[in-house]
Each structure stands twice: as C-alpha cells, then as structure tokens.
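Report on the structure
Below, each chain spelled out in residue letters.
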Amino acid sequence: MRQTVQLNRRVTSALIDRLRADLAAANFSVSALTGLWGIEADAALRRNQRVPALRGLEGLRERLGHAEPCATLARLFVLGLPVDRADLDVALPALGAAGAEELGLAVSVDAGVDAGVDADVLPGVGPVASGASGAAGTLRPLLELRPYSFVDAHGAGSWWIVSDLGELALGHPLGESHVLGVGGASLTLTGLLIPTPVASALDLGTGCGIQAMHASRHADRVVATDISVRALELAALNAELNEIGNIEFRLGSLFEPVAGERFDHIISNPPFVITPRVPGVPAYEYRDGGLVGDALVEAVVRGAAEHLTPGGVAQLLGNWEYHAGQDAFERLAAWLATPVTPVTPVTPVTPVTPVTPVTPVTPVTPVTPVTPVASPASPASAPLRPDEFDGDFAPNSPNSARLAPLGAESPSNSHTPGAEGAAGAEGAARAGAEGAHGGQQETVQATDAAALDAWIIEREVQAPTLYAETWIRDGGTRSDTADFDRLYGAWLDDFAARGVSQVGFGYMLLRRPAAGTPTFRRLERLPGTLGHNPGGMGSHLAACLAAHDWHAATDDARLARARLAVASDVTEVRHYWPGQEDPTLMTLHQGTGFGRLIALDTGLAALVGASDGELDVGSIVAALAQLLDVDERELAADLLPRVRELLEDGFLQHRLA
C-alpha cells in the first residue's frame, strides 16, 4: 500500500527560502571552505581530524577581528562546534539564529534534554568561538549542513545537504536511526548513474536523498522511498532547499511503496552490510536491511525485473557472500535466473539505545528543479564529514579502515556468458601475448529463465575477519574494548555458521530487455584503478550497453562491412628486450571508463592500428591476411570475436557508413 510521507507543517517554505538565500550570500561552498582553512586542513578532515581546520578559522577571525559569515557556518555545521548567537545572526541575516532554531538546525547550548536532544551532545573538542557571551548566547548544531559540488554528464552543479550529526560532533557513537550525508559509497553510485533522459526514476532507500536529487537531473519524475520517516523528511528538506521539485517521497520497505509500478531507471544504495542476527548487535538503519547475510541485496535484484519498464535499467551497489565450495558469481547468477521470492525480515533484536532523535525538519511545497550548469568544472566533491571516508564502498565512521582494492592496475577478469567467445582458430598472425582480456577467464552460463540483462562488477573482496573489524569500527566501537571483542565474536560465529569464506563488494547493473530475451550477461572482477572519469562513469556504461546492443544484432558479414575507429582515450604500449626489433608484449590501455588493459597479438594490434573510421573491418582483415601470409577466413574467425569485445569495452567505436 502506497504511503506518501506527510511533511512537517511547522517548517515553512519561507524559512527554507531565507536559509537558501543566506547560504548563497555567504558563499557557503566547497571551494570557499577550502579557501578558509587550506588544502592540508581539508585532507586532515578526511582523516577525521578537525584541529587544522579549526585553527584556520580561528586564525582568520584574529586577522579580521570578527567572524566571517562562511567561517561561522563552517564551524557550526561542518566542524560541529558551537558558535555565538550574534555571529550566527550575521551569517544568516534573513533567517537569523531564531529561524535556524525553528528549522531544527541549531539549539541553545543550555537547552539539553529540554530541546529534545541529549545533554551530552555538546562537543568536547574546541572552545566556544571567541566573543561568545555564555551558554544563553551560544548555539550548537542539531544537524549537519554541508556544501556539495559535482560534475556529471549534464554539467557542473552544487547543492547543500542536510544530514544527522556525525560521531565527532556528537561525542559518542551514532544512533541506530542515524541519517547519513554524502559518503564514499554515495559518491561511487552517483558517479555510475547512466544520464540518459527518462520519464521516471526510482531511488530505493533514499537516505538523505542524494541519489534522488541526481536522478532529478535526467528524469522527469522521481519517486524516493525509505523505511525511515526521518530519512524521508531530511531528504525532502534537501530537495526543497536546492529547489528540486520533481521528487515524490514514500514510506515503506523495498518495493512495497511502488507495488504495481514500473520505472525507466531504478537506483539503490541499499543497506547491504551483513550483520549477525543475535541480541546485543546494533542494527543501524543506514547500513542494515534487517535480513540474514546478503539477502537484502538478493531481494533488490530479484524484485527489479517486475518494476522496470522495457529497456529500463537498475543500478545499485551491493555485497555478496562467498560460501565454502561455491564461487559468489554462481550465487549471483542464481539470483538473476530465478523468480522473485518474498523475503521475510528477521524479528528485530533488542536495539542498542540510540541518541535521542531531533524532531525532523521537512519542507512542504515542491518548486522548480535546479537548472544544470552548462559546462563541467570539477569532479563530484564535498567537504567530507570527518567521519566519512571516500572509497568506493567506504564505511562512514572515523573508526573504519579503508576498504583497499585487491590490487593495482591489472588486466580485467571477466566473462560474458552467451556472447561469442574469444579467438576461434589459431591464426598464423597470433604472436606475443595471448587473449583479448588477459588473466583467467571465468564463465557463468546464462539461462533462458533469466528476465534481465546483467553486468556485475566485483571491485573488492574481504575476509570475514576484516569485514567484521570494518563494520564494528563503523558503529563507533573501539578495538580495545570488551564490546569490540564481543561483537567480533558474534560476526565470526555468524560467518562460520553459514559457511561464509569471503565477502565481495561491487557494482550491479540490471536491464530489462526492450524486446525478446536477455542477450547481455557479464560478471567480472575489476579490482584495479579506474580510468579518469571527471564527469562520472555513467556515459561510459551507456556507451558500452549501446555497443553491445549493436554488435549483438550484427552478424559477422555486417560487422566486416562496418567502419570502426579507435576511441580517443586509448593508447598502445609496446615492450622490447634490449636490442630487439620486435616487441615482446603489446597492450592497449584505456584512459577513461574502467581503465582496462588489453593484451594484443600481431593481428589484433595491426587491426586496431588501421581502424581509422575510413576502412571497413573486412578490408583490413583481407590486407592483413595477405601481409602476414595467412588464410583470410581463419584470421577473420580469430579477430572478429575480439573486435566485438573491444567494441563492448569501449576501445573501438562504430561509425555509420
């Protein structure tokens, strides 16, 4: 049953309009904050250290003799430290300190429990700003409010994002109902979004609303769902603060709020963290879906098909378990091949007492969406909260270890079940390195029962021990405590009982075929460094899908007539033994996208080198066969399947004759 969130009527659009005007007038932006405290302090904040930034603000105040408005806002809403009421009145001249209190953004230091928040929330680090007149004249933050900037396929943009206070500002671990701001995983997913204009989009598990806001730039209508009323209300506030009016917010679990509806684009950064289902283990709403193991991600994958329009795409982040004796890709293939099965959440355990929540703030009247800036300026960025790392799947606590990739640049480790294989007959031109992709080739066969095309990319793998340590720290439990040991034991017991040997993390792209049966099934491991993608990966993913669709509908005869060109970001590297004329190894390197590295032999290297958009593939193959003195049909059988792979990976591009 659909349940649209009823917004808090005490928050008026007029107050939000004043806040927006004040933030703009103060130039409360990512670049301005870096200018206030410097790039070294920025880097320190990413390491969960705010002292350099605080020193920068205090030094600025001493030089100017007064509090600069942007500095006051940064101290209160980014560093989480108290400020003088008079300074906040200056920083927010239209809204005023009283308006900030009415919006639930700040509260008097001496308010304590009477204001509906814990008395111990007052930060324990850093003095009240110079000139403060005591508790009655001092305000502390109730919410974080941070500038955020980005570049996507539509150009550059910037927003302000409201979320709950982090551990550094709170002075204690997060509450279980905590609403996160923009963290590393959020940035990863926004960078993957395919920007193709669509009529409708769904953000499943919206949190603070950042994915829905990005979707609003390419979708006419966006529905954002969450199981948390507080998250939906903060997301609605963010939408109105940034003048985005095409998002509808609905309350409910998974696909329940959109039963019977279909969307052109489904986006989800689901609460995929695997958590033991035993008493005494906290369940954080922002990361824990309430199911056993990786069942939450499985439920999203299985449920996507019936909620996508023909040709519609679902994109999500997730993790998946490796069970003893079974590769995780076999389990993922099973999720894709079988019908939807209802998943029953585990009965909740007694929760850890969270921080008393602040009364949520919410907007009321939707307004015109933000107009994208015409040209790109900088990659997606924000002054990351001190308790958020910026890795692909980074946890959001200062205590969490970064999830390091398995290796540096390396050949891709991929497979494409159902598509043409690699080389056919061994051509006489083959020499040097073998294989179009290099590395081990793995295969998971697609089945006729599969309803969706699928592209799953595993980026990282963790052992159970490291996984447990990472997410226990994320909850704020220190490693030198009895609680840490108790939780560590619970995680390892859970993994051992279910035979889990590793946990993988990655990107998932699912597509409902526009017509007919699925033709695209690719599960691959790409742990290396990605290419340079200042505007995000979305356009590259869309181009790869389009290239697949073209070559999947193209037989070899038509492919031989096609004119192909090397993509502008592709370079070739040749390695020689000293004194030798012939290379011992030749590779193609992709500068954008996934930064793939492809091993070449003589024939493929020559074909790529001759692909200038003028000569067709068949003519090039014929010339090479004559030059290398090999059979033309055998050479074509060897090269054409690998040409298809190069098209699908973005190394070669098709140009119409």
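Everything quoted here is computed from the prediction, not taken from an experiment.

Things to note about the overall build of the protein
For the protein, the helix and strand inventory stands at 20 helices and 20 strands. Split into buried and exposed, the 657 residues of the protein put 57% on the buried side. Excluding contacts between residues fewer than 6 apart, the proportion of contacts in the protein whose partners are at least 24 apart in sequence is 78%. For the protein, the computed accessible surface area is about 25,700 Å², with 55% contributed by carbon and sulfur atoms.

As for the packing of aromatic side chains
Applying the stated criterion to the full structure yields eight aromatic pairs. Measuring from centroid to centroid gives 5.7 Å for Trp 455 and Phe 520, while their planes differ by 80°, and the two rings are edge-to-face. Here the residue Trp 455 occupies a position in strand E12 (residues 453-462), and Phe 520 occupies one in the loop between strand E13 (500-511) and strand E14 (521-525), the gap between them amounting to 65 residues. Given the relative accessible area of 2%, Trp 455 is considered buried. For Phe 520, a relative accessible area of 2% puts it in the buried group. Clustering of aromatic rings is evident, with ring pairs tying together Tyr 148, Phe 150 and Trp 159. The side chain of Arg 525 reaches across the aromatic face of Phe 329, ending 3.9 Å from its centre.

Quick notes on the sheet that holds strand E19 (residues 612-616)
One open sheet holds the three strands; their spatial order is E19-E15-E20, and the pairing between them is antiparallel. Edge positions in the open sheet fall to E19 and strand E20 (652-655), since each of these has one partner strand only. Adjacent strand axes in the sheet meet at a mean angle of 35°, parallel and antiparallel pairs treated alike. Pairing between strand E15 (residues 563-566) and E20: four bridges, direction antiparallel. By the bridge assignment for E20, Leu 564 is matched with His 654.

Description of the confidence of the model for the protein
Caution is warranted with low-pLDDT regions, since their predicted coordinates should not be read in detail. Confidence in the prediction of the protein, expressed as mean pLDDT, is 79, and 74% of residues score 70 or more. Long-range and interchain partners of residues 339-391, a stretch whose pLDDT sits below 50, account for 179 contacts in this model, where long-range means more than four residues apart. Within the model, pLDDT remains below 50 along residues 396-450, and this stretch shows 146 contacts once partners closer than five positions in the same chain are excluded.

As for the pattern of salt bridges
Throughout the structure, instances matching the rule amount to 26 salt bridges. One salt bridge connects Arg 250 with Glu 261, and the closest N-O pair in it is separated by 2.5 Å. Within this pair, whereas Arg 250 is found in strand E8 (residues 247-251), its partner Glu 261 is found in the loop between E8 and strand E9 (263-268), the two being separated by 11 residues in sequence. Of the residues examined, Arg 250 reaches a relative accessible area of 1% and is grouped as buried. The salt bridge partner of Arg 596 is Glu 524, with a shortest N-O separation of 2.9 Å. Note that Arg 596 is positioned in the loop between strand E17 (585-590) and strand E18 (597-600) and Glu 524 in strand E14, a separation of 72 residues in sequence.

Reading the values: rules and limits
Residues numbered from 1 in each chain as written. Predicted model: local features only at pLDDT ≥ 70, side-chain atom pairs only at ≥ 80, totals over all residues. Heavy atoms only, no water. Helix = DSSP H or I, 4+ residues; strand = E, 2+ residues; numbered from the N terminus. Buried < 20%, exposed > 50% of the residue type's maximum accessible area, 1.4 Å probe, protein only. Contact = heavy atoms within 4.5 Å. Areas by Shrake-Rupley, 256 points an atom, 1.4 Å probe, with all protein chains shown as cover. Phe/Tyr/Trp six-rings, centres within 6.5 Å; stacked < 30°, edge-to-face > 60°. Lys NZ or Arg CZ within 6 Å of the ring centre and 35° of its normal. Pairing = 2+ DSSP bridges. Axes fitted to C-alpha atoms, helices over the stretch in contact; angles between N-to-C directions. pLDDT = per-residue confidence, 0-100. Salt bridge = Lys/Arg side-chain N within 4 Å of Asp/Glu carboxyl O.

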